[in-house]
Amino acid sequence: MKRAIYPGSFDPITHGHLDIAERALRIFDEVIIAVASNSAKQPFFTIEERMKLVEESLKDIEGGERVKVTSFDGLMVDFAYDSGATAVIRGLRAVSDFEFEFQMALTNRKLEERLETLFLMPKETYTYLSSRLVKELARLNGDISSFVPPHVEKALKERNS
Ligand code: ADP
């Protein structure tokens, strides 16, 4: 069975993340969405909330039943290898993502050479979409309905009210 890990903050999950997960599911039998709990970023949602929002989103994607959601802290590559994953999925939106992702992929390869990093590109309409943008728009009461599933929109609205 081919298993990949898709790590990130998912703070919160957006249609961009889901688009990448769907693409990964066309290549792998199982995708583990691994929500980082030790991110240097100060998260907006707790780890439990972020995982729950991911879980709820999976109903809407093709192959969602083949996704496992977990949290992790510590070194991603160790967690990935111990989970039986052979690849790390990352999304590439624009050239601006490239430098950081390139550095991280090569560092991760140095740490664990048995793991391959695979970059997938989302649908064009999601190339400018980020969790940060969604949070900012939600704070300003902007319309985020085309960026996130309805339950994520609701969670953001409740948090901001
Ligand atoms: P991290 O803190 O690890 O960057 P994110 O949740 O922001 O966590 O992103 C996780 C992964 O999903 C990254 O590879 C990121 O590039 C990718 N990603 C985020 N938003 C999108 C999007 N709109 N389209 C494609 N990939 C995305």
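Each remark here, short or long, concerns the structure printed above.
Some details on the sheet that holds strand S5 (residues 116–120)
Spatial ordering of the open sheet is given by S3-S2-S1-S4-S5, a layout of five strands whose pairing is parallel. Across the chains shown, the open sheet's two edge strands, defined by having one partner strand only, are strand S3 (67–72) and S5. On average, adjacent strands in this sheet sit at an angle of 30° to one another, irrespective of strand direction. Note that strand S4 (residues 87–91) and S5 share five bridges and pair parallel. Directly across from Ile 89, in S5, lies its bridge partner Leu 118. In this fold helix H2 (residues 47–57) packs onto strand S2 (30–36) and S3, with an angle of close to 155° to the strand it touches most, S2. Strand contacts of helix H4 (residues 95–111): S4 and S5, with the helix running at about 170° to S4, the strand carrying the most contacts.

Side note on the packing of aromatic side chains
Inspection of every chain in the model, using the stated rule, returns five aromatic pairs. Judged by centre distance (5.2 Å) and plane angle (90°), the rings of Tyr 6 and Phe 10 are edge-to-face. A relative accessible area of 6% places Tyr 6 in the buried class. Just above the ring of Tyr 81 sits the side chain of Arg 114; from NZ or CZ to the centre is 3.9 Å.

What counts, and where the lines are drawn
Residues numbered from 1 in each chain as written. Predicted model: local features only at pLDDT ≥ 70, side-chain atom pairs only at ≥ 80, totals over all residues. Heavy atoms only, no water. Pairing = 2+ DSSP bridges. Helix = DSSP H or I, 4+ residues; strand = E, 2+ residues; numbered from the N terminus. Axes fitted to C-alpha atoms, helices over the stretch in contact; angles between N-to-C directions. Contact = heavy atoms within 4.5 Å. Phe/Tyr/Trp six-rings, centres within 6.5 Å; stacked < 30°, edge-to-face > 60°. Buried < 20%, exposed > 50% of the residue type's maximum accessible area, 1.4 Å probe, protein only. Lys NZ or Arg CZ within 6 Å of the ring centre and 35° of its normal.

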